[in-house]
Amino acid sequence: MKNVELLSPAGDMERLTMSLAYGADAVYLAGNAFGMRAFAGNFDRDEMTQAVQLAHDKGVRVHVTCNTLARNDEIARLPEYLEFLESIGVDAVISAGVDVLSLAHRYAPHVEVHMSTQTGITNYEMARVWHDLGAKRVILARELSLDEAAEICAKAPRDLEVEAFVHGAMCVSYSGRCLLSNYMTGRDAARGACAQPCRYQYALMEEKRPGEYFPVFEENGETFIMNSRDMCMIDHVPELLQAGLDSLKIEGRAKSAYYAAMTTAAYRHAIDAAVEGKPLEPIWRAEVDKVSHRHYSTGFYYGQPGQYTDSARYIRDWQVLAIVTDCDADGNATLSLRNKFTAGDQIEVVGPDVPAFPLTAPLMTDGEGFTLAQPRHPQMVFHMKLPRPVPPLSVVRACRPNS
């Protein structure tokens, strides 16, 4: 098998740091304009410069999204933005059209151009056309089967890279091209501001009976007529590698730093195990079930995923309690609090290349050395003895299912 890139989300500096620590080969992020996640934290120019430096120091590539559908006033600002991206050493820009592709060749000639999933790349001829126009990589439409993806890899030009999503939210609309959010809420999905109305529970209202709502029932009395499950291909990484893909992409720039860390860790170990011809250890497989997610499916990789009419609500069974900022060889850890917990609680610790292990929370100490049974204040610094040393950015968590 050839080397395969693990591409992880970096919605802001914290999520970038987690993706780097937990094993990403590349990260994708956005500035304050031109990206498809308006409600992610995103990066101003100083932060983006720092992000590129942090990533490159770890040998990690940085891909910047420029895949919204730009208006005239925005496209006029793009050349200067592309020159900035080139000046700080960005590795690639993600484009949704020939406008960005053409401008990038002129104003950022040393930056690769990757064609977004928004372009709906569904066959090898389309991949070849983008290659002929100068694209270095195509990101496949999420509606393809694994066999179709493998055929594109086999028939595309040899120096064209092929990327595909393997984990995260799915869209009811083909390749994410949807007008529903804009029509209903004024928030344009094609400009990074989707309100996800496909997740709503709907009722019928008859024209002459305003205010009278009639339920629309499907299976189990639910009415989520456009809802979809999340994609999860963690159990099929060997097949993804055999298909010839160059990059496996995790969706989630608007999701938490914890999500970025744990999904990256799970797929990092899955890729490494597949390359070595070994099965993925169950303890790492379990990590994708310990992040906030909707019910999983394999997307379209093995045929139609089928209608899903249950609630769009996220499953959140685990809560982050604290982040380790330092730890010595004896397990004496310094931590930053995220959610309250108490000595005696059953907790778990997981870290970069550290499989999750359980423990009973011991008594702790505050910054002045006084005994502490329960750290209470968000972001407060405290100390706790762990049974083994762990690296910085390890996570302390507890199973606390949402009701």
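Trainee: Got a minute to help me understand the overall build of the protein in this structure?
Mentor: Regarding its fold elements, the protein presents eleven helices and 20 strands. Relative to the globule expectation of 22 Å for 403 residues, the C-alpha radius of gyration of the protein, 22 Å, shows essentially globular dimensions. Its C-alpha atoms give the protein principal-axis dimensions of about 65 × 60 × 45 Å. Taken across its 403 residues, the protein has 52% of its residues classed as buried. Taking the contacts inside the protein whose residues are at least 6 apart along the sequence as the reference set, 68% of them involve residues at least 24 apart. Roughly 18300 Å² of accessible area belongs to the protein as shown, and the carbon and sulfur atoms make up 52% of that amount.

Trainee: Explain the packing of helix α2 (residues 45-57) against helix α4 (residues 78-87) to me, please; I cannot follow it from the model alone.
Mentor: Helix-helix packing is described using two parameters, namely the angle between the two axes and the distance between the axes. The contact between α2 and α4 brings their axes to 11 Å, and the two run at 35°. Contacts from Arg45, Met48 and Thr49 of α2 reach α4 at Glu80, Tyr81, Phe84 and Leu85. Within the contact of α2 with α4, the residues separate by chemical class into four nonpolar, one polar and two charged.

Trainee: Help me understand the side chain of serine 336, please; the structure alone is not making it clear to me.
Mentor: When you line up the elements, serine 336 lands in strand β14 (residues 332-337). Judged by its relative accessible area of 9%, serine 336 is buried. Within the local environment of serine 336, its side chain forms a polar contact with the side chain of arginine 338, the two groups lying 2.7 Å apart. In contact with serine 336, not counting residues within four places along its chain, are Leu321, Ala322, Ile323, Thr325, Gln379, Met380 and Phe382.

Trainee: Please clarify how the pattern of salt bridges should be interpreted in this entry.
Mentor: Between side chains of opposite charge, a pair can form when the charged atoms approach closely. The full count for this structure, using the stated rule, is 22 salt bridges. Here lysine 249 and glutamate 163 are joined by a salt bridge, their closest N and O atoms 3.3 Å apart. Linking lysine 249 in strand β11 (residues 247-250) with glutamate 163 in strand β7 (residues 161-168), this pair joins segments that are 86 residues apart in sequence. Both residues of the pair, lysine 249 and glutamate 163, belong to the buried class. Linked by salt bridges that have partners in common, Glu5, Arg61, Glu112, Arg137, Glu161, Glu163 and Lys249 make up one network.

Trainee: Please explain a nonpolar patch on the surface as it appears in this structure.
Mentor: Together, Val98, Val129 and Leu133 make up a nonpolar patch on the protein surface, roughly 250 Å² of accessible area in all. Here valine 98 lies in helix α5 (residues 98-107).

Trainee: Which parts of the structure should I look at to understand the packing of aromatic side chains?
Mentor: How two aromatic rings sit relative to each other is given by the distance of their centres and the angle of their planes. Under the counting rule described, the total for this entry stands at two aromatic pairs. When the ring centre of phenylalanine 84 is taken as reference, the NZ or CZ atom of arginine 45 above it lies at 4.7 Å. We note lysine 290 situated over the ring of tryptophan 318; from NZ or CZ to the ring centre the distance is 4.5 Å.

Trainee: Please clarify how the packing of helix α1 (residues 13-21) against α2 should be interpreted in this entry.
Mentor: Contact geometry of α1 with α2 gives a least axis separation of 11 Å together with a crossing angle of 5°. The pairing of α1 with α2 is recorded here as roughly parallel in orientation. Counted together, Met13, Leu16 and Leu20 of α1 and Glu47, Gln50, Ala51, Leu54 and Ala55 of α2 form the full contact between these two elements. Of the residues belonging to the contact of α1 with α2, the class tally is six nonpolar, one polar and one charged.

Trainee: Hey, could you run me through the nonpolar core in this one?
Mentor: The tendency in soluble globular proteins is for nonpolar side chains to be buried side by side. Membership of the largest hydrophobic core comes to 85 residues, with the highest contact counts inside it found for Leu29, Leu85, Leu140 and Tyr267. In terms of residues, this core owes the most to one element, helix α10 (residues 257-275), which gives eleven residues. When near neighbours in sequence (up to four residues on either side) are disregarded, leucine 140 contacts Thr117, Ile121, Ala149, Ile152, Val162, Glu163, Ala164 and Leu245. The next biggest cluster of nonpolar side chains, apart from the first, holds 23 residues, and it includes Ala322, Ile347, Val349 and Met384.

Trainee: When you look at helix α7 (residues 146-155) in this model, what are you seeing that I'm missing?
Mentor: Side chains three or four residues apart in an α-helix point the same way, a direct result of the helix having 3.6 residues per turn. Taken residue by residue, α7 has Leu146, Ala149, Ile152 and Cys153 as its buried positions. Each buried residue of α7 sits inside an arc of 120° when the element is viewed along its axis, so together they form one side. Exposed residues on α7 whose side chains face more than 90 degrees from its buried face are Asp147 and Ala154. Where α7 is buried, its residues contact α6 (124-132), β7 and α9 (237-242).

Trainee: Would you take a moment to explain the environment of leucine 29 for this structure?
Mentor: Note that leucine 29 resides in strand β2 (residues 26-29). Between the C-alpha atoms of leucine 29 and valine 62, which are 33 residues apart in sequence, the distance is 7.5 Å. Non-local contacts of leucine 29, meaning those with residues more than four positions away in its chain, are made with Ala10, Leu16, Phe43, Met48, Ala51, Val62, His63, Val64, Thr65 and Arg253.

Parameters and conventions
- Residues numbered from 1 in each chain as written.
- Predicted model: local features only at pLDDT ≥ 70, side-chain atom pairs only at ≥ 80, totals over all residues.
- Heavy atoms only, no water.
- Helix = DSSP H or I, 4+ residues; strand = E, 2+ residues; numbered from the N terminus.
- Rg over C-alpha atoms; globule rule 2.2 N^0.38 Å.
- Buried < 20%, exposed > 50% of the residue type's maximum accessible area, 1.4 Å probe, protein only.
- Contact = heavy atoms within 4.5 Å.
- Areas by Shrake-Rupley, 256 points an atom, 1.4 Å probe, with all protein chains shown as cover.
- Axes fitted to C-alpha atoms, helices over the stretch in contact; angles between N-to-C directions.
- Nonpolar A, V, L, I, M, F, W, Y, C, P; charged D, E, K, R; others polar.
- Polar contact = N/O pair within 3.5 Å; in protein donor to acceptor, adjacent residues only side chain to side chain.
- Salt bridge = Lys/Arg side-chain N within 4 Å of Asp/Glu carboxyl O.
- Patch = residues over 30% accessible without salt bridge, like charges linked within 9 Å, V, L, I, M, F, W, Y side chains within 5 Å.
- Phe/Tyr/Trp six-rings, centres within 6.5 Å; stacked < 30°, edge-to-face > 60°.
- Lys NZ or Arg CZ within 6 Å of the ring centre and 35° of its normal.
- Parallel < 35°, antiparallel > 145°, perpendicular 65-115°, else oblique.
- Core = buried A, V, L, I, M, F, W, Y, C linked by side-chain atoms within 4.5 Å.
- Arc of directions from axis to C-beta.

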